[in-house]
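Below are the chains, spelled out letter by letter.
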Amino acid sequence: MGLKQNLHSLREKYKGTKMAPAFNALHTFLYTPNDTAHGGTHIKAADDLKRTMNTVIMALIPCLIFGMFNAGYQHYVAAGEIEAVTSGFFSSEFWTLQNFSLGFWKVLPILLISYGVGLGVEFLFAVIKGHEVEEGYLVTGMLVPLIVPIDIPLWMLVVAVVFGVVIGKEVFGGTGMNILNPALTIRAFLFFAYPTWMSGDKVWVEGAVQRTKEIANGSTADAISGETILGSLAQSHGVDYSVMDMFFGFIPGSIGETSTLLILLGGLFLIFTKIGSWRIMLSSVIGALVMGYIFNLVVAAGWITDTSKFYGLMSTEFWHHLLIGGMAFGIVYMATDPVTASQTNKGKWIYGFLIGFVSIMIRVFNPAYPEGVMLAILLMNVFAPTIDHYVVQGNVKRRLKRAKLKTA
Amino acid sequence: MGLLSKKDSKLILDPLADDNPITIQVLGICSALAITAQLKPSIVMAISVVFVLSVGNVVISLMRNIIPSKIRIIVQLIVVATLVIIVDQVLKAFAYSLSKELSVFIGLIITNCIIMGRFEAFALANKPWQSFLDGIGNAAGYGLILVIVGFFRELLGSGTLFGFKVLGDSVEKTGLYAIGYENNGFMVLPPMALIVVGLIIWVQRSRNKELIED
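It should be emphasised that the depicted structure is a prediction, and the values quoted were computed from it without experimental measurement.

Caption draft 1: Representation of the overall build of chain B. Broken down by element type, chain B carries 10 helices and 0 strands. Counting helices and strands in the order they occur from the N terminus, chain B gives α-α-α-α-α-α-α-α-α-α. Computed over C-alpha atoms, the radius of gyration of chain B comes to 19 Å, within 12% of the 17 Å expected from 2.2 N^0.38 for 214 residues, which places it in the range of a compact globule. With respect to the principal axes defined by its C-alpha atoms, chain B has extents near 65 × 45 × 35 Å. Looking at the 214 residues of chain B, the share that counts as buried comes to 35%. Counted over contacts in chain B with a minimum sequence separation of 6, partners at least 24 positions apart contribute 76%.

Caption draft 2: Geometry of the overall build of chain A. When you go through chain A residue by residue, the secondary structure sums to 17 helices and 0 strands. Relative to a compact globule of 408 residues, whose C-alpha radius of gyration would be 22 Å, chain A shows 23 Å and is just as compact. Across the 408 residues in chain A, those meeting the buried criterion constitute 46%. Counting contacts in chain A only where the partners sit at least 6 residues apart, residues at least 24 apart contribute 73% of the total.

Caption draft 3: Representation of the interface of chain B and chain A. Every contact between the two is made by 7 residues of chain B and, on the other side, 7 residues of chain A. In terms of residue class, the side of chain B that touches chain A is made up of 3 nonpolar, 3 polar and 1 charged.

Caption draft 4: Up close: the domain arrangement of chain A. All names here are of chain A. Domain annotation for chain A reports domain 1 (49–275) and domain 2 (276–408). Relative to domain 2, the C-alpha centre of domain 1 lies at a distance of 23 Å. Taken residue by residue, the interface counts 35 residues in domain 1 and 29 residues in domain 2. Of all elements in the fold, only α7 (182–193), α10 (229–234), α11 (243–248) and α12 (260–272) reach the threshold of two or more residues within the side of domain 1 that touches domain 2. Here the side of domain 1 that touches domain 2 gets 7 residues from one element, more than from any other, and that element is α12. Tallied by class, the residues present in the side of domain 1 that touches domain 2 amount to 20 nonpolar, 13 polar and 2 charged.

Caption draft 5: Representation of the nonpolar core within the structure. If you look at the biggest cluster of nonpolar residues, it comprises 147 residues, and the most contacted ones within it are A:Ala160, A:Leu190, A:Tyr351, A:Ile377 and B:Val52. With 13 residues, helix α3 (residues 49–78) of chain A is the largest single contributor of residues to this core. Split by domain, the residues of this core number at least three in each of domain 1 (49–275) and domain 2 (276–408) of chain A. Discounting residues that sit within four places of it in the chain, B:Val52 has contacts with B:Val80, B:Leu83, B:Val84, B:Val87, B:Ile109 and B:Ile115. Counting 5 residues, the second-largest nonpolar core is a separate cluster that includes A:Ala25, A:Phe125, A:Ala126 and A:Val133.

Caption draft 6: Local environment of helix α2 (residues 20–30) of chain A. Residues and elements named next belong to chain A. Taken together, the buried positions of α2 are Pro21, Ala22 and Ala25. In a view along the axis of α2, the buried residues occupy a sector of 100°, so they form one face of it. Of the surrounding secondary structure, the elements contacted by the buried residues of α2 are α4 (97–129).

Caption draft 7: Structural view of the environment of A:Pro149. Residue and element names in this part refer to chain A. Residue placement: Pro149 occurs in the loop between α5 (137–146) and α6 (154–168). Pro149 sits 47 residues away from Leu102 along the chain, and the two C-alpha atoms are 15 Å apart. When residues no more than four places from it in sequence are discounted, the contact partners of Pro149 are Trp197, Met198, Val203, Trp204 and Ser254.

Caption draft 8: Structural context of the packing of helix α1 (residues 6–13) of chain B against helix α8 (residues 128–158) of chain B. Residues and elements named next belong to chain B. Their axes nearest at 7 Å, the elements α1 and α8 cross at an angle of 30°. When the axes of α1 and α8 are compared, the pair comes out roughly parallel. Between α1 and α8, the contacting residues are Asp8, Leu11, Ile12 and Leu13 on the first element and Gln130, Leu133, Asp134, Ile136 and Gly137 on the second.

Caption draft 9: View of unusual backbone geometry. Residues and elements named next belong to chain B. Positive phi is not limited to glycine here, since Val26 has a value of about 50°. Structurally, the position occupied by Val26 is in the loop between α1 and α2 (29–34). We note that Phe162 has phi near 55°; this positive angle belongs to a residue other than glycine. Relative to the elements of secondary structure, Phe162 occurs in the loop between α8 and α9 (185–188). A count of 12 C-beta atoms within 10 Å places Phe162 in the exposed class.

Caption draft 10: Broad picture of helix α7 (residues 113–121) of chain B. When α7(B) is considered as a whole, its buried residues turn out to be B:Ile114, B:Ile115, B:Arg118 and B:Phe119. The arc that holds the buried residues of α7(B), viewed along the axis, is 130°, so those residues lie on one side.

Caption draft 11: Expanded view of the environment of A:Asn181. Structurally, the position occupied by A:Asn181 is in the loop between α6 and α7. The contacts of A:Asn181, once residues within four sequence positions are left out, are A:Met334, A:Asp337, A:Thr340, A:Ile377, A:Leu378 and A:Asn381.

Caption draft 12: Highlighting the packing of helix α13 (residues 278–300) of chain A against helix α15 (residues 327–334) of chain A. All names here are of chain A. One way to put it is that α13 packs onto α15 with a least axis distance of 9 Å and a crossing angle of 150°. Here α15 runs roughly antiparallel to α13, going by the angle between their axes. α13 and α15 meet at a crossing whose hand is right-handed. The segment α13 lies against α15, with Met281, Ser284, Val285 and Ala288 engaging Met327, Ile331 and Val332. Partitioned by chemical class, the residues of the contact of α13 with α15 number 6 nonpolar, 1 polar and no charged.

Caption draft 13: Structural detail: the confidence of the model for chain B. Per-residue confidence for chain B gives a mean pLDDT of 85, with 98% of residues at or over 70. Two summary scores accompany this predicted model of the complex, namely pTM at 0.86 and ipTM at 0.84.

Reading the values: rules and limits
- Every residue gets a number counted from 1 within its own chain, in the order that chain's sequence is written.
- Key to labels: chains lettered from A, ligands numbered from 1, both in the order written.
- Only residues with pLDDT of at least 70 get local features here, since the model is predicted, and only at 80 or more are side-chain atom pairs given and counted; chain-wide, interface and lining totals rely on the full set of residues.
- Note on conventions: DSSP H or I runs of at least 4 residues are helices, E runs of at least 2 residues are strands, and numbering of each starts at the N terminus.
- This radius of gyration counts C-alpha atoms alone. The globule rule is 2.2 Å times how many residues there are, raised to the power 0.38.
- Remark: C-beta atoms are placed from the backbone, and a residue is labelled buried if 20 or more other C-beta atoms sit within 10 Å of its own, exposed if 12 or fewer do, or partly exposed between those counts.
- Whether two residues are in contact depends on their C-beta atoms, placed from the backbone: they are in contact if these lie within 7 Å.
- Amino acid classes used here: Ala, Val, Leu, Ile, Met, Phe, Trp, Tyr, Cys and Pro are nonpolar; Asp, Glu, Lys and Arg are charged; the rest, including Gly, are polar.
- An automatic or database domain assignment is the source of the domain bounds shown.
- Take the buried Ala, Val, Leu, Ile, Met, Phe, Trp, Tyr and Cys residues, join any whose C-beta atoms are within 7 Å, and the set you get is a nonpolar core.
- Regarding the arc, it is the one traced by the directions from the helix axis to the C-beta atoms.
- In this description, a line fitted to the C-alpha atoms serves as the axis of each element, helices being fitted only across the stretch in contact, and the angle between N-to-C directions of two axes falls anywhere from 0 to 180 degrees.
- Orientation labels follow simple angle bins: below 35 degrees gives roughly parallel, above 145 gives roughly antiparallel, 65 to 115 gives roughly perpendicular, and whatever is left gives oblique.
- For a crossing to be left-handed, the near helix must be turned anticlockwise from the far one by less than a right angle; the clockwise case is right-handed.
- Each residue carries a pLDDT score, the predictor's own confidence in it, on a scale running from 0 to 100.

Structure (structure tokens):
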């Protein structure tokens, strides 16, 4: 008897009992169900929720792999054991087994915890509430490891995932009903609950926190540190990464958000498969560029000087904002979440534009929260239904007017 | 409760659970979010509100037949403002640091919806004794939630209870902190108080399904 048959008989055995949703979920996760609907009218479409989710996960895999390499790379470069990359994206210093294995063994537990805990909560709720397990968490579980620092303590991740899934999603009624993006809720929770583990110059490089502790205890090893570019700019420090480093992603940051190149490819893939909305992505980019350009103009007009605490980020060239921090990642994978984004086409333009616009604003004006994109997306998530409401009302009004004109 | 008739004891017990001012009527949320970061201010706030509401209810109830209904809100405001000033002065005299900590929120008891709500809904139409019990009950129901929220926020947010380091020292890394535990900074922020109140509401309504509104 094959695995499929086993699962099927397990499913039959638990049919009608409390645990049924859990076994149904296991079965449909791995296989198409044995039984299909009979009679009546059906529309058969290939793009069910499972396929949608899997497409996004496929778009995320390159970022994950790159993140593993980068984790190792950042560690060994900061420790002075290897040279920085010199020859473009395929530099041999970067794509080494040594880098990968360090990153792999650090990221794997984060990934497993994210999926294990998140799906556990999801199964639990499905069993208690007696509905089927939804596929929504498959993407969230993949996003979470990509947007946390490499050195995040695992127990904090457990707390945050439970919080994010329960408060961010289940209390609203599960997948499809949530107002906030669950992955960002998890990150926001971590950010406000444990700020020392989510910002600063120690958490982005594997082992930096550990090394600091050892030094405090009398070790003579050199300190390791790696400030994110946003962090340096917020303090008006110079940045010694080239634009190409930023674009390829050879910079410190959350695990999967550094490589703008791979995010761009993922974004194109999502647009091509019609999973992600190109309107939101494009308008977010425009919004970010506009806000960045306004700040550049402010600096050019001489309204603020380099003694201002906003100078570092304000004077950053406006298109650099897209390359640093989680901007690109947020726009491509978070803002486009179909559940929490605006649904109408016009609404998507407004929603996306404001995400980009507000992200850069928060980034510049609030150096305490150097990553504005997370807060901007969560804020716009809340406003998405309002935007939709007015777009729909506007449309209703226009058509009523037209109808009146015709009859008059 | 041999002391009270069944009807009277209902006045005290109902607001503690099934007719709680915070979790059922959703009143007085503002102060519940603002001062519950620690247990001590929560308890002081609870006691202050018990005093203001019970005495205020009695005063309003005694005057209920002579207050012209057109200016009753002004009269109620004067009564509650007087009582709040008394509380404020007492705290300043005997617990200055606490009074500093609660700062403007003692003064803001005046605007606590629960107090005006009880004056309007109960004291204006009932006898002093019942009004007194109603005041105690509602204020205690309010205080109960404050203490629960304050307990969890202080324990998880600062790792202390009444300022005692029950989970160990977070700087010296003793107790729980020795194994890597850290305080949850989110708990200290007011948004988390709202979520804690929400969780209490969730627990309460899942235990008593009759409370769920459609």
